[in-house]
Amino acid sequence: MSDPQRLALGDIDRRFAALRLPAPQELRRLRASVEREGIRDPVLVSGAVEAHRWVLLDGFKRLQVAEELKLTQVWAQALALDAAQAKAAILHCNQARPGLSEIEEAWIVRSLCREQGLRQAQVGELLGRDKSWVCRRLKLAEALDPTLQDDLRLGLLSATAARELAQLPRGNQLRAAAAVRDHQLTSRQTAGLVERLRQRSDPLIVRELLTDPLRYLITETPSESASECDPRLSEGANRLRRVLLGWEGFCGHLTRSLNRYAPAGLEAPEAPVLAPLLEQAIRSGRRAMERLEAIEIGLQWHGPGGAAHA
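Residues numbered from 1 in each chain as written. Predicted model: local features only at pLDDT ≥ 70, side-chain atom pairs only at ≥ 80, totals over all residues. Heavy atoms only, no water.

S.K.: What's the story with the overall build of the protein chain in this structure? I'm lost.
M.R.: When you go through the protein chain residue by residue, the secondary structure sums to 15 helices and seven strands. In the protein chain, which comprises 310 residues, the share counted as buried stands at 34%. Carbon and sulfur atoms make up 53% of the accessible area of the protein chain, which amounts to about 18,900 Å² in all. (Helix = DSSP H or I, 4+ residues; strand = E, 2+ residues; numbered from the N terminus. Buried < 20%, exposed > 50% of the residue type's maximum accessible area, 1.4 Å probe, protein only. Areas by Shrake-Rupley, 256 points an atom, 1.4 Å probe, with all protein chains shown as cover.)

S.K.: How should the pattern of salt bridges be read in this particular structure?
M.R.: Two side chains of opposite charge can pair, provided their charged atoms sit close to one another. In the structure shown here, the tally under the stated rule is 18 salt bridges. Residue R14 is joined to E67 by a salt bridge in which the shortest nitrogen-to-oxygen separation is 2.6 Å. Note that R14 is positioned in the loop between β2 (12-13) and α1 (24-37) and E67 in helix α2 (residues 60-68), a separation of 53 residues in sequence. In the salt-bridge network here, residues are joined through shared partners; they are D13, R15, E50 and R53. (Salt bridge = Lys/Arg side-chain N within 4 Å of Asp/Glu carboxyl O.)

S.K.: Help me understand the packing of helix α5 (residues 120-127) against helix α6 (residues 131-143) in this model?
M.R.: The packing of two helices is summarised by the inter-axis angle and the distance between the axes. The geometry of α5 relative to α6 is characterised by a closest axis approach of 8 Å and an angle of 110 degrees between their N-to-C directions. In terms of their interaxial angle, α5 and α6 are classed as roughly perpendicular. Along the contact surface, α5 presents Q120, V123, G124 and L127, while α6 presents K131, W133, V134, C135 and L138. Its residues assigned to classes, the contact of α5 with α6 comprises six nonpolar, two polar and one charged. (Axes fitted to C-alpha atoms, helices over the stretch in contact; angles between N-to-C directions. Parallel < 35°, antiparallel > 145°, perpendicular 65-115°, else oblique. Contact = heavy atoms within 4.5 Å. Nonpolar A, V, L, I, M, F, W, Y, C, P; charged D, E, K, R; others polar.)

S.K.: Quick question: what am I supposed to make of the side chain of S33 here?
M.R.: Here S33 shows up in helix α1. Judged by relative accessible area, which is 13%, S33 ranks as buried. The residues touching S33, leaving out its near neighbours within four places in the chain, are G38 and R40.

S.K.: Got a minute to help me understand the environment of N238 in this structure?
M.R.: The topology assignment puts N238 in helix α14 (residues 235-261). Beyond its immediate stretch of four places on either side in the chain, N238 contacts C229, D230 and L233.

S.K.: Mind showing me how you'd approach the environment of E195 here?
M.R.: Relative to the helices and strands, E195 is located in helix α10 (residues 187-199). Given a relative accessible area of 43%, E195 falls into the partly exposed group.

S.K.: It is not clear to me how the sheet that holds strand β4 (residues 54-58) should be interpreted in this structure. Could you clarify?
M.R.: Across a sheet, strands are paired by hydrogen bonds formed along the backbone, either parallel or antiparallel in direction. The strand order across the open sheet built from five strands is β1-β5-β3-β4-β2, with neighbouring strands paired in mixed fashion. Strand pairing shows two members of the sheet lacking a second neighbour, β1 (5-8) and β2, which therefore form its edges. Where β2 meets β4, two bridges bridge the pair, whose relative direction is parallel. Looking at β4, one finds that I12 is bridged to W54. Running over the sheet, α2 touches β2, β3 (43-46), β4 and β5 (73-79) and is turned about 115 degrees from β4. (Pairing = 2+ DSSP bridges.)

S.K.: What exactly am I supposed to notice about the packing of aromatic side chains here?
M.R.: Each aromatic ring pair is described using two quantities: the centre-to-centre distance and the angle formed by the ring planes. Following the criterion strictly, the structure yields zero aromatic pairs and no others. Just above the ring of W133 sits the side chain of R129; from NZ or CZ to the centre is 4.6 Å. Directly above the aromatic system of W107 lies the positively charged group of R153, at a separation of 4.1 Å from the ring centroid. (Phe/Tyr/Trp six-rings, centres within 6.5 Å; stacked < 30°, edge-to-face > 60°. Lys NZ or Arg CZ within 6 Å of the ring centre and 35° of its normal.)

See below:
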């Protein structure tokens, strides 16, 4: 390995950037760090992928930040790795960090198999992984609809959502992805939607699931905090706790639904029809809060009929 050298940004080939996903939050943190301290670590390049070309292997975000800050040069560490070794190095360089997503690993495996012509056993040996791992990653890369892979690269779809959607037949993936985006589903909810879609074949049921997935997921996909018991509470109090957490989830669902339908799907005369229903729910919530406060201070509670309740 030679000593680091200064390279002009325009001389660095970023052909392998398609194997990586955008990471906006990491980019913002890195930019703040670079503005304070500069780029501390050299990027990694190879001069053996193609003659007379410095091909970037590690440091894609650093290079992007350098461009944004109008830098013209960066320090680079050069290696002599061919195309297959270079792609393997992308994976190895990220093992000590948070690491690549499964999708990024899948893209590297597919590239090694389809572009370099390596057998799965050879890819496993090169990457230090067993054949079953290679097989799973290759299946993931080739199962996911190309449109969704483009969405991933544009940052329109998360890697975790893509991993779940890849379990569906390609013909169903785009519609399911649209439902995930339109309803702002979490990773857990996306997994729940995919599971239900895999279990149903009736077109009408599938359409209902995709039209309003939260209707089916809000009660069937509890949060981790809802499924666990609070050790400070009795069995009855824990049941009440789950009800309250479910109510919180329902309110979130209601807010997302209003955000979705209000701009185009709701008309002004419809709002006064819906508002009293929400007000009634809020009043019920206030009565429940008053009851809890009365219990907390040890008072008897007088219900709507005026009778005292212990």
